[in-house]
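The residues making up each chain are set out below.
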Amino acid sequence: MNVDIHKSWKPYLQPEFDKPYFKNLVEFVKTEYINHKCFPKGNDVFNAFNHCLFEDLKVVIIGQDPYHGNGQANGLCFSVNDGIPHPPSLINIFKEIEKDLGIPYPKSGNLMAWADQGILLLNATLTVRAHQAGSHQNKGWEQFTDEVIKIISAEKENVVFLLWGGFAKKKKKLIDTKKHQILESGHPSPLSANRGYWFGNKHFSKTNFLLQQVGETLIEWKL
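Right, let's walk through the structure included here. (Residues numbered from 1 in each chain as written. Predicted model: local features only at pLDDT ≥ 70, side-chain atom pairs only at ≥ 80, totals over all residues. Heavy atoms only, no water.)

## Things to note about the sheet that holds strand β6 (residues 181-185)
Across a sheet, strands are paired by hydrogen bonds formed along the backbone, either parallel or antiparallel in direction. Quick reminder of the rule: Paired strands, in this sense, are two strands between which DSSP finds at least two bridges. Each helix corresponds to a stretch of at least 4 residues labelled H or I by DSSP, and each strand to a stretch of at least 2 residues labelled E; elements are numbered beginning at the N terminus. Orientation is described by axes fitted as lines to C-alpha atoms, over the contacting stretch for helices, and by angles from 0 to 180 degrees between their N-to-C directions.
Sheet architecture is open: 4 strands sit in the order β3-β2-β5-β6, paired in parallel fashion. Of all strands in the sheet, those bounded by a partner on one side alone are β3 (119-123) and β6. The sheet shows a mean angle of 20° between the axes of neighbouring strands, direction not considered. Sheet analysis places strand β2 (residues 59-63) next to β3, joined by 5 bridges and oriented parallel.

Below, the structure is given as structure tokens:
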């Protein structure tokens, strides 16, 4: 794995790359990719950072683990490559956008266009072994991505953080709530959504309202 990350992030993240835990993580990931099928593709591991530049960042969505099925993961949380069937959580995200904003359900589940507008689609763990959910957890990725959240909280202002589900909500303690806005709801997974914890949260219109309040460009959620 090459740490191929956009130069806008390097001043903030280079200290992490130089720490022993991160060097151990890189070695672990390299070995995994040599010995097992892993996702996403090596070149896509840091896509969240390479499509959302630090200076453009205005929204953060936190996921947990990359998809572990063939061809799904593309380095952005909840996103899949073009032509791949939409996983259940992504279906529910698109259904909520449809209800919230009247935007038609999209053909592609590739969220690259969101990232390019300044949404950091950040999984807590950036790699996974094929068909083995959670297989790269507790190897250093969470330490790195927690640090990313802390850096955004310290260095930016008026970022909207979308925390969906219990795992994402635990990250709230890393965010300065005096400087940033947090929207919380249940997870878009069917288990949570069907119990009434997801649908109707209107997080997409609310995000744009909050961005408008601080003079930021609105997100075009339509794909």
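Structure shown, so let's carry the discussion forward.
## Structural notes on the packing of helix α4 (residues 88-101) against helix α9 (residues 203-213)
Axis angle and axis distance: for two packed helices, these are the angle between their axes and the distance between the axes, and together they describe the pair. The line we're drawing: When checking whether two residues touch, look at their non-hydrogen atoms; a contact exists if any pair is within 4.5 Å. Lys, Arg, Asp and Glu make up the charged group, whereas Ala, Val, Leu, Ile, Met, Phe, Trp, Tyr, Cys and Pro make up the nonpolar group; the residues left over, Gly among them, are polar.
Packing of α4 against α9 leaves a shortest axis separation of 8 Å and a crossing angle of 65°. Across from Ile93, Glu96, Ile97, Asp100 and Leu101 in α4, the residues of α9 making contact are His203, Phe204 and Ser205. Here the residues of the contact of α4 with α9 are counted per class, giving 4 nonpolar, 2 polar and 2 charged.

## Comments concerning the side chain of Asn110
Definition in use: The buried label goes to any residue with under 20% of its type's maximum accessible area, the exposed label to any with over 50%, and the partly exposed label to all in between, with areas taken from a 1.4 Å probe on protein chains only.
Mapped onto the elements, Asn110 comes out in the loop between α4 and α5 (112-115). Of the residues examined, Asn110 reaches a relative accessible area of 14% and is grouped as buried. Sequence-distant contacts of Asn110, that is, excluding residues within four places in its chain, are made with Asn74, Ser79, Val80, Asn81, Asp82 and Leu223.

## Re the packing of aromatic side chains
The line we're drawing: Stacked, edge-to-face and tilted are the three classes for Phe, Tyr and Trp ring pairs, Trp counted by its six-membered ring, which pair at centre distances within 6.5 Å; planes under 30 degrees apart are stacked, over 60 edge-to-face, the rest tilted.
For the structure shown, the criterion picks out 21 aromatic pairs. Between Tyr21 and Phe22 the ring centres are 6.2 Å apart and the planes differ by 90°, which places this aromatic pair in the edge-to-face class. The residues Tyr21 and Phe22 share a single accessibility class, namely buried. When the ring of Phe46 is compared with that of Trp141, the centres are 6.0 Å apart and the planes differ by 65°; the resulting orientation is edge-to-face. Within this pair, whereas Phe46 is found in the loop between β1 (38-39) and α3 (47-51), its partner Trp141 is found in helix α6 (residues 141-155), the two being separated by 95 residues in sequence. Residue classification places Phe46 among the buried positions, given a relative accessible area of 2%.

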